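So the chains spell out like this:
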Amino acid sequence: MYSYDKYDQALVDQRVEQFRDQVRRRIAGELTEEEFRPLRLRNGLYLQLHAYMLRVAIPYGTLSSCQLRGLAHIARRYDKGFGHFTTRTNIQFHWIKLEDIADAMAELAKVEMHGIQTSGNSVRNVTADHFAGVAPDEIEDPRIWSEIIRQWSTLHPEFSFLPRKFKIAVSGSPNDRAALRIHDLALRMHRNAAGEVGFEVMVGGGLGRSPFIAKTIREFLPKRHLLSYLEAVLRVYNQAGRRDNLWKARIKILVHELGAAKFAELVEAEWNQIKGGAVEVPDAEIERIAAQFVPPAYDPDAPTFTHEFDALRLNDLGFGRWLKTNVARHKQPGYSIVTLSLKPEGGTPGDMTAEQMDAVADLADRYSFGEIRVTHVQNLVLPHVRRADLPVVWRALAKLGLATPNIGLATDIIACPGLDFCSLANARSIPVAQRITERFNDLARVHDIGELKIKISGCINACGHHHVGHIGILGVDKNGEEFYQVTLGGSEETNASLGTILGPALPASRIVDAVETLVETYLALRRDGERFLDAYRRLGTAPFKERIYAAA
Amino acid sequence: MPLLKNGEVVADPWQSVADGEPVPEAGPVLIPFQRWQSEREALSRRNAPVGVRLSNTQALADVAPDLARFELIVLDFPKFVDGRAFTQARLLRERYGYRKELRATGNVLRDELQFMHRCGFDAFEIEAPDAAAQWRAAIAEIDVFYQPAADRVATVIARRRSA
């Protein structure tokens, strides 16, 4: 894992003091709320329905056990004892007081964390494949370049007042686990014909009220030119992106209006002027950063199976299910990747208590080289667990309520905070997610249904990624009443697609029944081994629509 | 509006002339770039410095051929959230080699001064009772810079390598 050197540390420390002074000036009345707003937003501080909310960056979703304990401390000391992991692999604290913010940030800085650029019209916290460094299909570790992007984008003087926010995701694998094509800019590492590793560059993806799948503007970008190319993209966007209409200011609209080919042409023209210039990272610095992402000291003799493991797998249905959905193959023989479900029945997706955080930090120290990952599906990962340790880790996680065997299944729901917390929301998201998990509380049934991604947003800003849910649910307000619009067939994976609206929005009282009807329709029509998404792609909306609206 | 230049509040010697107003015979004048384009001949015959105001949508390629004629370029921040002039400033300094006064006008916030400075601005029209003190505080808040910019300070990477 990357750890700060004295420069990285100095920056976050200075940033805390800078913000402390800004808060002081706000409280003293030297800054109006309007003037304070962009300053607090640049540090991840939002004003929400009930209180200030602090969003802390978890760069490329990687946490040390020490950092997770730091977050637990913030949750206990400054919040109501829990935090909320987001689809941007950040964590949010929803109940922070303005006068405590600077102290909370100072404590975060001690564990090499901050809220810089988790909001505002700047380059946001960079995300990456949550299986980075451990996935068997990986070509190269995306965290090295994610860290390079993190540093380059931090307090960038030219790109801190972009037309709108700018989200970057990086993957080092052919299989997309990072939802690349719904990002403003995404980088996928691959090999060219000469065997060199570089990036496919995609731009203009995003959800919100005008959803777009990102388009490839460069098939192969040599790694050493990454920063000059990013600078060219952002420079074109900063100059040409629309500023006349907040809803048309994201880069996706610029790329759409110009066309990807024309946009790529502008980028290439700018890039040719700065390629190879001062912004490129020297090899020695790349090596310095790469050295911090070398694999931990795996036991080369770690057994693939033990007697206990085999016995448990055969005799305990719960363990068997958990292995199937929550444990993934690791590139190192004898090790596994374990996903912790933050989606228990009736729970709030992504919420975690301070006690759970501390306990997971301890488990990480004991069984995962002190490392934890956050996924954009709002779950956590222990990336390096010996297969022989899986039974003991499973029991420990089950005690903590973090072993629900539902990763990738119907109850592994993404939901935004919705009207329970968010000032932008039109409808609640969390209670819908909770009711769906209660309806689908039979694990045998959920496993039989198989892969099914349900994503819920409380408004058109689509923080719950409903456009790319196999079943997407969007909360809308109809004369003060909560209604929910259903979309089908979205996907954020390698063959990304946007969902199609099924029909008129449904009242809150019908939405859970509707999800069940959709699932029943799928079960009746599916072919052998066909996932919900595949069945939908074969059948289209008609059979689903008929079942939902015939009943009305 | 007070003018902050190189960290000090100074008198502004430039006379700003709007479109349609007569250009005075003597003294430095600041005019919109479009007026320079249409009255280049007459303005060149004046034996006094010329400065231009650029809108933040002005393409710099059109300005570049005449850059040597200007003693002042004023870039506009119509709203503090509109950051187009940051790019213009860097390009003027880094690509087109402009070395004379580069001034920020409009909604110039104290908390943007350091970014502006890094992008190459050396003068600021800023509404503040103690602009020089604010400047000194703003410019000292952060001294760690990850990316190269027009200020040519040593980046973190350079400092790491020389350490």
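Residues numbered from 1 in each chain as written. Chains lettered and ligands numbered in written order. Predicted model: local features only at pLDDT ≥ 70, side-chain atom pairs only at ≥ 80, totals over all residues.

## Observations regarding the overall build of chain A
For step 1, the next point in the chain: Secondary structure assignment for chain A yields 18 helices and 21 strands.
For step 2, the next point in the chain: Over its C-alpha trace chain A gives a radius of gyration of 23 Å, about what one expects of a compact globule, namely 24 Å for 552 residues.
For step 3, the next point in the chain: Here the C-alpha coordinates of chain A stretch approximately 60 × 60 × 55 Å along the principal axes.
For step 4, the next point in the chain: Out of the 552 residues in chain A, the part that is buried amounts to 54%.
For step 5, the next point in the chain: Intrachain contacts of chain A at a sequence separation of at least 6 include 67% that bridge at least 24 residues. (Helix = DSSP H or I, 4+ residues; strand = E, 2+ residues; numbered from the N terminus. Rg over C-alpha atoms; globule rule 2.2 N^0.38 Å. Buried ≥ 20, exposed ≤ 12 C-beta atoms within 10 Å, placed from the backbone. Contact = placed C-beta atoms within 7 Å.)

## Let's talk about the interface of chain A and chain B
For step 1, the next point in the chain: On the chain B side, the residues contacting the 31 residues of chain A number 26 residues.
For step 2, the next point in the chain: Elements supplying a minimum of two residues to the side of chain A that touches chain B: helix H1 (6–27), helix H2 (33–41), helix H5 (142–153), helix H6 (226–240) and helix H9 (283–290) of chain A.
For step 3, the next point in the chain: Top contributing element to the side of chain A that touches chain B by residue count: H1 of chain A, with six residues.
For step 4, the next point in the chain: The class makeup of the residues in the side of chain A that touches chain B is 15 nonpolar, 10 polar and six charged. (Nonpolar A, V, L, I, M, F, W, Y, C, P; charged D, E, K, R; others polar.)

## Let's talk about the nonpolar core
For step 1, the next point in the chain: Counting 203 residues, the largest nonpolar core has Val-203 and Val-233 of chain A together with Ile-73 of chain B as its most contacted members.
For step 2, the next point in the chain: Broken down by element, the residue count for this core peaks at nine residues, all from H6 of chain A.
For step 3, the next point in the chain: When residues no more than four places from it in sequence are discounted, the contact partners of Ile-73 of chain B are Gly-51, Val-52, Leu-54, Leu-92, Tyr-98 and Leu-102 of chain B. (Core = buried A, V, L, I, M, F, W, Y, C linked by C-beta atoms within 7 Å.)

## Let's talk about the sheet that holds strand S3 (residues 62–64) of chain A
Residues and elements named next belong to chain A.
For step 1, the next point in the chain: In space, the five strands of this open sheet follow the order S3-S14-S15-S12-S11, with antiparallel pairing throughout. Of all strands in the sheet, those with a lone pairing partner are S3 and strand S11 (327–329), marking the two edges. Averaged over all pairs of adjacent strands, the angle between their axes in this sheet comes to 30 degrees, without regard to strand direction.
For step 2, the next point in the chain: As paired strands, S11 and strand S12 (residues 335–340) are joined by three bridges and run antiparallel to one another. Bridging from a neighbouring strand, Ala-328 pairs with Ile-337 of S12. (Pairing = 2+ DSSP bridges. Axes fitted to C-alpha atoms, helices over the stretch in contact; angles between N-to-C directions.)

## Quick look at the pairing of strand S7 (residues 101–106) of chain B
Residues and elements named next belong to chain B.
For step 1, the next point in the chain: Note: strand S6 (residues 70–77) against S7, six bridges, orientation parallel. If you follow Ile-73 over to S7, its bridge partner there is Leu-102.
For step 2, the next point in the chain: Each parallel crossover has a hand, and the one from S6 via helix H3 (residues 84–95) to S7 is right-handed.
For step 3, the next point in the chain: A crossover links S7 with its parallel partner strand S8 (residues 123–125), the connecting element being helix H4 (residues 113–119), and its sense is right-handed. (Right-handed = clockwise from strand over helix to strand, strands pointing away.)

## Considerations on unusual backbone geometry
Residue and element names in this part refer to chain A.
For step 1, the next point in the chain: Residues other than glycine seldom take positive phi values, yet Thr-89 does so here, at roughly 55 degrees.
For step 2, the next point in the chain: The residue Thr-89 is located in the loop between strand S4 (82–85) and strand S5 (91–96) in this model.
For step 3, the next point in the chain: Phi angles above zero are rare outside glycine, and Ala-462 is one such case at about 65 degrees.
For step 4, the next point in the chain: For Ala-462, the location among the structural elements is in the loop between strand S17 (454–457) and strand S18 (471–478).
For step 5, the next point in the chain: Under the C-beta neighbour-count criterion, Ala-462 is labelled buried, with 22 such atoms within 10 Å.

## Remarks on the confidence of the model for chain B
Interpretation of the predicted coordinates at a detailed level should be avoided for regions scoring low in pLDDT.
For step 1, the next point in the chain: Of all residues in chain B, 100% attain a pLDDT of 70 or more, and the chain-wide mean is 94.
For step 2, the next point in the chain: Reported confidences for the modelled complex are a pTM of 0.96 and an ipTM of 0.97. (pLDDT = per-residue confidence, 0-100.)

## Some points on the environment of Val-144 of chain B
For step 1, the next point in the chain: By secondary structure assignment, the location of Val-144 of chain B is in the loop between helix H5 (131–140) and helix H6 (156–162).
For step 2, the next point in the chain: A tally of 19 C-beta atoms within 10 Å means that Val-144 of chain B is categorised as partly exposed.
For step 3, the next point in the chain: Separated by 11 residues in the primary sequence, Val-144 of chain B and Thr-155 of chain B have C-alpha atoms spaced 7.4 Å apart.
For step 4, the next point in the chain: Beyond its immediate stretch of four places on either side in the chain, Val-144 of chain B contacts Tyr-7, Ala-10, Leu-11 and Gln-14 of chain A together with Val-156 of chain B.

## Re H3 of chain B
Residue and element names in this part refer to chain B.
For step 1, the next point in the chain: If you check H3, its first and last C-alpha atoms are 16 Å apart, about what 12 residues at 1.5 Å a residue would give, namely 16 Å.
For step 2, the next point in the chain: Of all the positions in H3, only Arg-84, Ala-85, Phe-86, Thr-87, Gln-88, Ala-89, Arg-90, Leu-91, Leu-92 and Arg-93 are classed as buried.
For step 3, the next point in the chain: Directly beyond the C-terminal end of H3, a positive phi value near 70 degrees is found at Gly-97. (Expected span 1.5 Å × (residues − 1).)

## As for the packing of helix H3 (residues 65–78) of chain A against helix H4 (residues 101–110) of chain A
Residues and elements named next belong to chain A.
For step 1, the next point in the chain: As a packed pair, H3 and H4 sit with axes 10 Å apart at the nearest point and diverge in direction by 165 degrees. When the axis of H3 is compared with that of H4, the two are roughly antiparallel. In the crossing of H3 with H4, the sense of the turn from one axis to the other is right-handed. Here Gly-70, His-73, Ile-74 and Tyr-78 of H3 come into contact with H4, specifically with Ala-104, Glu-107 and Leu-108. (Parallel < 35°, antiparallel > 145°, perpendicular 65-115°, else oblique. Left-handed = near helix turned anticlockwise from the far one by under 90°.)

## Focus: the sheet that holds strand S9 (residues 197–203) of chain A
Residues and elements named next belong to chain A.
For step 1, the next point in the chain: Pairing is mixed in the open sheet, where five strands are placed in the order S6-S7-S8-S9-S10. Where the open sheet ends on each side, the last strands, each with one partner, are strand S6 (127–128) and strand S10 (215–222).
For step 2, the next point in the chain: In this sheet, strand S8 (residues 185–191) lies alongside strand S7 (residues 168–171) in parallel orientation, the contact comprising four bridges. Looking across to S8, one finds that Ser-171 is bridged to Arg-188.
For step 3, the next point in the chain: Strand contacts of H6: S8, S9 and S10, with the helix running at about 10 degrees to S9, the strand carrying the most contacts.

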